[in-house]
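Topology and contacts: notes
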Amino acid sequence: MATTRTLVLMRHGKSGYPDGVPDHERPLAARGQREAGLAGAWISEHVGSVDAVLCSTALRTRETLAATGLSDAPTRFERDIYGGSADEIIDEIRLADTYFDDVTVSTLLVVGHEPGIPWTALELAADDDTDLAREVRHRFPTSAIAVLTTESSWAQVAAGTATITEFCIPRVEETRPES
């Protein structure tokens, strides 16, 4: 019987742009902290527990992971996710069972950047022309989450082996005072 694996691809929260700070070291803005927290709550509610995490080494992705509340899962920080192409990120995903050999990884969270994260979702779900795939193709703002499922082992994920099952852009609904 095939095992279904769940891949959660998340873009980091909204970052700040402090003067003189290199891109790799940019922190999250206050909005990014809030939205990453919302993303973590959404993942917990809609996906469940995360077995392992691959995260870019950039400060804003590390702060995003911390703000999600999901950082209890075994985590590996990978420089190749920072600025990584879909192929480079998929290569990291293929190593999940090697990286986390003491854990059964059924649900893997990858925290990274745009355009690598949405491109990875679209590559893994190649030929997927669903509304969800079109939405991912259209926009993938900060803190956005694409959830994919696959019957492939992590080592064998490749173009067209996954399906996008959910897409979320966590935002606080603004309430307007009644007139």
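Residues numbered from 1 in each chain as written. Predicted model: local features only at pLDDT ≥ 70, side-chain atom pairs only at ≥ 80, totals over all residues. Heavy atoms only, no water.

1. Observations regarding the overall build of the chain
Along its length, the chain carries six helices and six strands. Listed N to C, the secondary structure of the chain is β-α-β-α-β-α-α-β-α-α-β-β in terms of helices and strands. In terms of C-alpha radius of gyration, the chain reaches 16 Å, essentially the compact-globule figure of 16 Å for 179 residues. With the C-alpha coordinates of the chain rotated into their principal frame, the extents come out at 55 × 40 × 25 Å. By residue count, 47% of the 179 residues in the chain fall in the buried class. Taking all contacts inside the chain whose residues are at least 6 apart in sequence as the whole, residues at least 24 apart take part in 72%. In the form shown here, the chain has an accessible surface area of approximately 8,900 Å², with 46% of it arising from carbon and sulfur atoms. Once the 16 positive and 29 negative side-chain charges of the chain are each reduced to a mean point, those two points are 7 Å apart. (Helix = DSSP H or I, 4+ residues; strand = E, 2+ residues; numbered from the N terminus. Rg over C-alpha atoms; globule rule 2.2 N^0.38 Å. Buried < 20%, exposed > 50% of the residue type's maximum accessible area, 1.4 Å probe, protein only. Contact = heavy atoms within 4.5 Å. Areas by Shrake-Rupley, 256 points an atom, 1.4 Å probe, with all protein chains shown as cover. Lys, Arg positive; Asp, Glu negative; His and termini not counted. Charge placed at Lys NZ, Arg CZ, Asp CG, Glu CD.)

2. Some thoughts on the sheet that holds strand S5 (residues 145-150)
Within a sheet, neighbouring strands are paired by backbone hydrogen bonds and run either parallel or antiparallel to one another. Here we have six strands laid out as an open sheet, ordered S3-S2-S4-S1-S5-S6, and mixed in their pairing. Two strands lie at the open edges of the sheet, namely strand S3 (75-78) and strand S6 (162-168), each paired on one side alone. Across this sheet, the average inter-strand angle for adjacent strands is 20°, counted without regard to direction. Here six bridges tie strand S1 (residues 5-11) to strand S4 (residues 107-112), and the two strands are oriented parallel to one another. Its bridge partner lying in S4, Met10 is registered against Val111. Against the sheet, helix H3 (residues 86-94) touches S1, strand S2 (52-56), S3 and S4, its axis set at about 145° to S4. (Pairing = 2+ DSSP bridges. Axes fitted to C-alpha atoms, helices over the stretch in contact; angles between N-to-C directions.)

3. Observations regarding the nonpolar core
One broad rule of soluble globular proteins: the nonpolar side chains tend to lie buried together. Grouped together as the largest cluster of nonpolar side chains are 30 residues, with contacts concentrated most on Leu7, Ile93, Leu108, Val110 and Leu148. Non-local contacts of Leu7, meaning those with residues more than four positions away in its chain, are made with Ile93, Leu108, Val110, Leu124, Ala146, Val147, Leu148 and Trp154. In this structure, Ala39, Val53, Ile145 and Cys168 belong to the second largest nonpolar core, which totals 16 residues. (Core = buried A, V, L, I, M, F, W, Y, C linked by side-chain atoms within 4.5 Å.)

4. Things to note about the environment of Ser15
By secondary structure assignment, the location of Ser15 is in the loop between S1 and helix H1 (30-46). Along the chain, Ser15 and Glu63 lie 48 residues apart, while their C-alpha atoms are 9.7 Å from each other. The residues contacting Ser15, other than those within four sequence positions of it, are Arg26, Pro27, Leu28, Ala29 and Arg60.

5. Description of the environment of Gly40
With respect to the helices and strands, Gly40 occurs in helix H1. A sequence separation of 27 residues divides Gly40 from Ala67, and the C-alpha atoms of the two residues are 7.5 Å apart. Excluding its chain neighbours within four sequence positions, the residues that come into contact with Gly40 are Thr68 and Leu70.

6. Quick word on the packing of helix H5 (residues 116-124) against helix H6 (residues 131-138)
Packing of H5 against H6 leaves a shortest axis separation of 9 Å and a crossing angle of 150°. Relative to H6, H5 is oriented roughly antiparallel. In this structure, H5 meets H6 at a crossing whose hand is left-handed. Counted together, Pro118, Ala121 and Leu122 of H5 and Ala133, Val136 and Arg137 of H6 form the full contact between these two elements. Residue classes in the contact of H5 with H6 are distributed as five nonpolar, no polar and one charged. (Parallel < 35°, antiparallel > 145°, perpendicular 65-115°, else oblique. Left-handed = near helix turned anticlockwise from the far one by under 90°. Nonpolar A, V, L, I, M, F, W, Y, C, P; charged D, E, K, R; others polar.)

7. Observations regarding the side chain of Glu78
Along the chain, Glu78 turns up in strand S3. A distance of 2.4 Å separates polar atoms of two side chains, one belonging to Glu78 and the other to Arg76. Ignoring sequence-local partners within four residues, the contact set of Glu78 consists of Cys55, Ser56, Thr57, Glu92 and Tyr99. (Polar contact = N/O pair within 3.5 Å; in protein donor to acceptor, adjacent residues only side chain to side chain.)

8. Focus on the pattern of salt bridges
Counted according to the given criterion, the structure contains nine salt bridges. Of the charged contacts in the structure, one is a salt bridge between Glu25 and Arg62, with a shortest N-O distance of 4.0 Å. Residue Glu25 is found in the loop between S1 and H1, and its partner Arg62 is found in helix H2 (residues 59-68); the two are separated by 37 residues along the sequence. Of the charged contacts, one joins Glu78 and Arg76 as a salt bridge, the two residues approaching to 2.4 Å between their closest N and O atoms. For Arg76, a relative accessible area of 34% gives the class partly exposed. Sharing partners across several salt bridges, the network here consists of Asp23, Arg26 and Arg60. (Salt bridge = Lys/Arg side-chain N within 4 Å of Asp/Glu carboxyl O.)

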